[in-house]
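# Observations on the model geometry
Chain by chain, the residues:
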Amino acid sequence: MANVTRRIGLSLGADICWPLCYEQILGKLAVSVPWQGDTVGIEVERVTIEPFDLRQAAKYDVVLDRLTHWYHTSREWIKKAILMDGLYVLNNPWSVQAMEKHTSYCAMMHLGMPIPETWMLPPKAYEPLPDLAPTLTRYAQLFDLGEIGSRIGYPMFMKPYDGGGWRGVSRVNDEAALRRSYEDSGKGVMHLQAAVDPFDSFVRCIGLGPQTHLVKYLPDAALHDRYSQERDFVSADEAALLRDTTLTINAFFGWDFNSCEALRKAGTWHPIDFANPCPDSQITSLHRHFPWLVKAKLRWSIFCAVTQRPMRKTMDWDPFYAIAAEPDMPYRERLRGYAKIAEARFEAVRFEEFCATHLAHLDEVAWEFFGTDAAKSAFRAKVTALFPAHEVEQFTELFWGRVQSWRAEQPQAKGGRP
Ligand SMILES: Nc1ncnc2c1ncn2[C@@H]1O[C@H](COP(=O)(O)OP(=O)(O)O)[C@@H](O)[C@H]1O
Ligand SMILES: [Mg+2]
């Protein structure tokens, strides 16, 4: 029986608050798990950016990565470490790099999800590359944008095929607006998507491994109020459907950490944006949902590190496609079938057992931590980075207050066990 240490690396950019909380709660957890004859502890460290020899071993067992989608040196280091050193990383970097919103729409349409009618357009403008003129002259078809608009129907949304962060998204109410938006889209490769309109509810489902969390989303509210504080805004059946939808997407694409946006119209939930494999993790937007996220990251990363969960390097879509090909299976049954594959891939049962056996103290430790000055100063640090100086105190107090009301509702507040 040896004492063994597994190392978790945090590959970070602008993140401030969640790493501070993650590190401090991990320290207080003092993980010591009897595992296959050893006693396993965990160390966490921030991954630095530096030149690397491709044959130099990586020292981490698990990396929580927030850079792959834009910082290529880190992304390639992660790929090397998966291929050569057995690293487990959230999220699969090849998948993050290759699966744009477009692929996610196509694949989930094929699985039967009620994605609104969506078209892709060739761009309005181009880089003047040498092959451009012969290619377009020979093959680009003139098209009638107005006719495409009337086939999709108004209102609709024009948005980049590889979108994120509301960049380049416009709501289009009629043909004149469609033509204007296309003129303005420049070199962007755009989708046109029928609006789910009117919708009566908008939900974001955050997935982290087999864990999911639903948040009612208010897209027109100020940034700090978009994640609403409402609870019980969906029925149990709807919650199960949104969870199955999110787990399916996340397992399909190898995204352990991703969020799915869905809008409800006439009782049907339409997923509209679910290629978000670096989801918002900041106190300034998540507020009362932030403790859930930090705990979920801790549970899943500790589980992956202790059990040395192997990284799924390739996607393996065939089992999902096999269910999609079943004749006459109702959609809800299909979705349950996909989600079962997802639960197996995310080792949902084993994970629950692991948490119950080895991380039973996490809720209590986190609950206490989120009432400390250390937590508040982590919140303040993020607020300071985002808000003008004269608003720092006000918004620190706002987010702190919301987390304290979350704390007051937890079993620990009543002196009970979770
Ligand atoms: N089909 C749609 N129906 C209704 N609203 C939409 C639709 N597509 C986008 N939106 C609105 O536009 C916002 C941004 O679009 P989204 O696809 O989420 O892009 P991004 O990847 O930039 O977040 C959504 O949060 C939603 O408010
Ligand atoms: Mg979105």
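Residues numbered from 1 in each chain as written. Chains lettered and ligands numbered in written order. Predicted model: local features only at pLDDT ≥ 70, side-chain atom pairs only at ≥ 80, totals over all residues.

Once that is clear, we can look at the packing of helix H1 (residues 17-29) against helix H14 (residues 362-369). For the pair H1 and H14, the least separation of the axes is 10 Å and the interaxial angle reads 130°. One element, H1, and the other, H14, form an angle in the oblique class. The interaxial crossing formed by H1 with H14 has right-handed handedness. From H1, Cys 21, Gln 24, Ile 25, Lys 28 and Leu 29 reach across to H14, where they touch Leu 362, Val 365, Ala 366 and Phe 369. (Axes fitted to C-alpha atoms, helices over the stretch in contact; angles between N-to-C directions. Helix = DSSP H or I, 4+ residues; strand = E, 2+ residues; numbered from the N terminus. Parallel < 35°, antiparallel > 145°, perpendicular 65-115°, else oblique. Left-handed = near helix turned anticlockwise from the far one by under 90°. Contact = placed C-beta atoms within 7 Å.)

By the element assignment, Arg 7 lies in strand E1 (residues 3-11). In this structure Arg 7 comes out as partly exposed when scored by C-beta crowding, with 15 C-beta atoms within 10 Å. Taking C-alpha positions, Arg 7 is 30 Å from Ala 339, a pair spaced 332 residues apart along the chain. Residues in contact with Arg 7, not counting those within four places in the same chain, are Glu 43, Glu 45, Lys 59, Tyr 60 and Asp 61. (Buried ≥ 20, exposed ≤ 12 C-beta atoms within 10 Å, placed from the backbone.)

Further remarks concern the environment of Leu 136. Here Leu 136 lies in helix H5 (residues 132-139). When the C-alpha positions of Leu 136 and Glu 397 are compared, they lie 57 Å apart, and in sequence the two are 261 residues distant.

Ligand 1 sits among 18 residues. The nearest are Phe 157, Gly 163, Val 196, Pro 219 and Asp 273. Secondary structure elements with two or more residues in the shell around ligand 1: strand E7 (156-160), strand E12 (257-265) and strand E13 (268-273). Split by residue class, the shell around ligand 1 holds 9 nonpolar, 4 polar and 5 charged. (Near = placed C-beta within 6 Å. Nonpolar A, V, L, I, M, F, W, Y, C, P; charged D, E, K, R; others polar.)

This part covers the nonpolar core. Within the largest apolar cluster, 98 residues are counted, with the highest numbers of intra-cluster contacts made by Cys 21, Ile 25, Val 63 and Val 294. Per element, the largest residue contribution to this core is 10 residues, and it comes from helix H10 (residues 290-307). Looking at this core, you find at least three residues from each of domain 1 (3-98) and domain 2 (117-194). When neighbours within four sequence positions are excluded, Ile 25 is seen to be in contact with Val 294, Leu 298, Val 365, Ala 366 and Phe 369. (Core = buried A, V, L, I, M, F, W, Y, C linked by C-beta atoms within 7 Å. Domains from an automatic or database assignment.)

In this model, helix H12 (residues 331-345) (15 residues) spans 21 Å end to end at C-alpha, consistent with the 21 Å of a helix rising 1.5 Å per residue. Of the surrounding secondary structure, the elements contacted by the buried residues of H12 are helix H8 (236-253) and helix H11 (318-324). Directly beyond the C-terminal end of H12, a positive phi value near 50° is found at Glu 347. (Expected span 1.5 Å × (residues − 1).)

Attention shifts here to helix H7 (residues 175-184). Three- or four-residue spacings in an α-helix give side chains the same orientation, since the helix completes a turn every 3.6 residues. Taken as a whole, H7 has its buried residues at Leu 178, Ser 181 and Tyr 182. The arc that holds every buried residue of H7, seen down its axis, measures 100°, which confines them to one face. Exposed residues lying more than 90 degrees from the buried face of H7 are Ala 176, Glu 183 and Asp 184. Close packing links the buried residues of H7 with strand E6 (118-121), helix H6 (145-152), E7 and strand E8 (170-172). Directly after H7, the chain includes Gly 186, whose backbone phi takes a positive value near 60°. (Arc of directions from axis to C-beta.)

Here the protein chain is partitioned into domain 1 (3-98) and domain 2 (117-194). Taken over C-alpha atoms, the centre of domain 1 sits 39 Å from the centre of domain 2.

All right, on to the sheet that holds strand E9 (residues 190-194) then. Read from one edge to the other, the open sheet built from 4 strands follows the order E6-E9-E7-E8, with strand pairing classed as antiparallel. Bordering the open sheet on either side are E6 and E8, each of which pairs with just one other strand. The average undirected angle you get between the axes of adjacent strands in this sheet is 25°. Note: E7 against E9, 5 bridges, orientation antiparallel. (Pairing = 2+ DSSP bridges.)

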